Amino acid sequence: EELLCERLRARVRVLELDWEPTGGTRIGRLDAAKLGGDTEDFDGGTELAKVGVLLTGRERALAREAEVAALAAGLGAEPPGAVLLLGASGVGKTRVLTEFLATQPTAGVPTRVWHVAPARVISGMSYLGQWEARWIAILRHAATRKLVLYFDDLLGLFSAGRSSGSSLTLGDLLLPWLVDQRVRVLGEITPEAWRVLRERRRAFADQFQIVTVLPPPPQAQWRILSHMLRELEGRHRVRYTLDAVPTALALAERYYGQRDFPGRIAEVLETLSARAVGQTLGRAEVIGEFIRRTGSAASLVDLDQPLTREQIETALGAELKGQPQAIRVLADVLLRAKAGLNDPGRPLATLLLLGPTGVGKTACAKALARYLGGSRALIRIDLNEYAEAGDASRLVGTFAAPDGVLTAAIRRQPSSVVLLDEIEKAAPDVFDLLLSLLDEGRLTDAHGRVAHFQQAVIVMTSNLGAREASRQLGFAAPAQDRATYLDAARRFFRPEFVNRIDHVLPFTPLGDAELRAITAQAVAAVLTRSGLKTRPCLIDLDPAAIDALMAIGRDDALGARALKRGIERALVQPL
């Protein structure tokens, strides 16, 4: 009997109640949660002021009369419903809303719009049922006062509130209010995120009336830009010189061409103006802002700053030894980017570096990253850690954890070198993901946010062919070695993957001259370590010591890595 009772025992996670009790007050889904008793009463107006921001119509928009009229019609409808501003990133969706607030204070159209961030609703809510009670109080207050709740992160509604003990989210509790048309909601979303929302929460997405926001016509763009500059100059007490605007337009087209006008330039000028209150802003200040935002080297951003092949090859050759073909290819990539002649729809370049260990494949990526913008410009991912089925989701994120390793990194540092080590060890679904990246220069994460790689260099490394080349025991010509590596890559990778690679570069084994130069570099790096710099000592290094250290650490099978280990053993440890 006890065993039977245990099997029949059930746990109720969500209790759906909907009835008309005495007095006519309707009790909905979350009100039933109060039957658990462990919640508190919230004042909806007070809580809305804590978690939301009342929007104003301070920022105006030009050439948006049709969109504003459609928005007013949707928000003024009775019974209340949900309206969605749908448009690409940077097209001006938020400006349509602020223009509506500035021009539509008419009877019957609610103009009190509160921007609510989902994460703030659950912030500070510590025990079971607390954030749910707060959220219902806010919804009830908005319905009673005919307020509009505005969300620019609709997908975030379905992650806020989720925990290990409950799958209930803000979006789940909002849905019945939309179905019953009890509250006005305004959303803003990109086409990519809209597709994800429809796939994951179709019932929620179907509640919205769509207002499509398209890019402004070309003839209106200069009017919009002039209006934007007047707003910024008045608000931040700055002044833009005549040469600043063409520079900003050119650089915005180059670095943010994937975003629509006016967003691709508005964000840059807004940030620059806020940082330089009361100053005159010219071409130099605009260039400096793009350098700061993109992380690119000044020699690449400033079109008037000279950049020659000799400069690039000298700088890269100081770090990368014995690989002149790779240095020439990298110089070509940088010069093409400097001239603005790279394909705007793809990464700056896609390189596959082949060769045995220790010949400089990883060092090549590091040297290029330092030239582009320093050590922070390197995004390194070891693909031997992504060898299992389903690991591709870690690169682009999941719905519950949307900040993927790769997509989040490229959003932080758009101008970068993406180093994909040991590419041959990646799982098949990772290769499928990379096909999209190499072909279109973009990836979409689990929340529909697009990560752009148009200002990145993709560097993939592999040891494919190293075993076959080593069997030739050093008697083969360099050309034959290169053919061995290329044949191994073509046999391993799918044709559609190889076809998306701009350059396949076999790295040749290092000779005596290259090993000696690497030894000297490694020793010089040792002498800069803090343990020596902070002590009053003088080290006299005989030139013959370089040859001795090279002989101690030399291993033709392991290359420069074995050399550096030998220096640690023979020089650093005695010191």
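Higher on the page you've got the structure.
Basis of the calculations
The numbers attached to residues start from 1 for each chain and follow its sequence in the written order. Where totals are concerned, whole chains, interfaces and linings use all residues; where local detail is concerned, this predicted model gives features only for residues with pLDDT of at least 70, and gives and counts side-chain atom pairs only at 80 or more. The basis for every side-chain value is the complete set of heavy atoms in the structure, and neither hydrogens nor water enter the calculation. What makes two strands pair is DSSP finding at least two bridges between them. Numbered from the N terminus, helices here are DSSP runs of H or I no shorter than four residues, and strands are runs of E no shorter than two. Note on geometry: axes are lines fitted to C-alpha atoms, helical ones only across the stretch in contact, with angles between N-to-C directions running from 0 to 180 degrees. What makes two residues a contact is simply this: any of their non-hydrogen atoms within 4.5 Å. Lining residues are those with an atom within 4 Å of a point, where the points come from a 1 Å grid over the protein atoms alone and group into cavities, where a 1.4 Å probe fits but cannot get out, or pockets, open sets with protein on both sides within 12 Å along at least five of seven lines. Grid points are joined across faces, edges and corners, and a volume is the space filled by probe spheres set on the points. Ring pairs shown here join Phe, Tyr and Trp side chains whose ring centres sit within 6.5 Å, with only the six-membered ring taken for Trp; geometry is labelled stacked below 30 degrees between planes, edge-to-face above 60, and tilted in between. Comment: the charge-over-ring label is applied if NZ (Lys) or CZ (Arg) is within 6 Å of the ring centre and within 35 degrees of the ring normal. Each residue's exposure class comes from its accessible area (1.4 Å probe, protein chains only) as a fraction of the maximum for that residue type: buried when under 20%, exposed when over 50%, partly exposed otherwise. In protein, a polar contact means a hydrogen-donor-capable atom and an acceptor-capable atom, both N or O and within 3.5 Å, with residues adjacent in sequence counting only if both atoms are side-chain atoms; elsewhere, any N or O pair within 3.5 Å suffices. Put simply, a salt bridge is a Lys or Arg side-chain nitrogen that is within 4 Å of an Asp or Glu carboxyl oxygen.

(A) Just the sheet that holds strand β11 (residues 416–421), in detail. As summarised here, the arrangement of the five strands in space is β10-β11-β14-β9-β15, forming an open sheet in which the pairing is parallel. A strand with exactly one partner marks an edge of an open sheet, and here the two such strands are β10 (378–382) and β15 (503–506). Across the sheet, the mean angle from the axis of one strand to that of its neighbour is 20 degrees, orientation sign disregarded. Where strand β9 (residues 349–354) and β15 come together, four bridges link them in parallel fashion. What sits directly across from L351, in β15, is H503. Taken strand by strand, helix α19 (residues 405–412) contacts β10, β11 and β14 (456–462), and its axis lies near 175 degrees from that of β10.

(B) View of empty space enclosed by the protein. Inspection of the entire model under this criterion finds one cavity of 30 Å³ or more. Each pocket or cavity is described by its volume, and for the largest cavity that value is around 40 Å³. Taken together, R254, Y255, S296, L300, A337, L348, L372, S415 and Q455 make up the lining of the largest cavity.

(C) Looking closely at the packing of aromatic side chains. If you walk through the whole model with that rule in mind, you get nine aromatic pairs. Taken together, the ring pairs in this structure connect F431, F492, F493 and F497 into an aromatic cluster. Positioned above the aromatic ring of W177 is the side chain of R182, whose terminal nitrogen or guanidinium carbon lies 4.1 Å from the ring centre. When the ring centre of Y386 is taken as reference, the NZ or CZ atom of R394 above it lies at 4.1 Å.

(D) Highlighting the environment of L86. Structurally, L86 can be placed in strand β2 (residues 82–86). The class for L86 is buried, based on a relative accessible area of 14%. In the structure, L86 is positioned 127 residues away from V213 in sequence and 5.9 Å away in space, judged by C-alpha atoms. Apart from residues lying up to four places away in sequence, L86 is in contact with K93, I189, T190, P191, W194, I210, V211, T212 and V213.

(E) Layout of the side chain of R134. Tracing the sequence through the fold places R134 in helix α6 (residues 130–145). Take R134: its relative accessible area is 5%, and that puts it in the buried class. A distance of 3.3 Å separates a polar atom in the side chain of R134 from the backbone oxygen of R120. Once you skip the residues sitting within four places of it in the chain, R134 turns out to touch F42, E47, K50, V51, R120, V121, S123 and M125.

(F) Up close: the pattern of salt bridges. Within the structure shown, the criterion is met by 42 salt bridges. Here R202 makes a salt bridge to D206, at a shortest N to O gap of 3.1 Å. Across the pair R494 and E496 runs a salt bridge, and its minimum N-O distance is 3.6 Å. Judged by its relative accessible area of 32%, E496 is partly exposed. Taken together, the shared-partner salt bridges connect R259, E267, R275, E289, R292 and R293 into one network.

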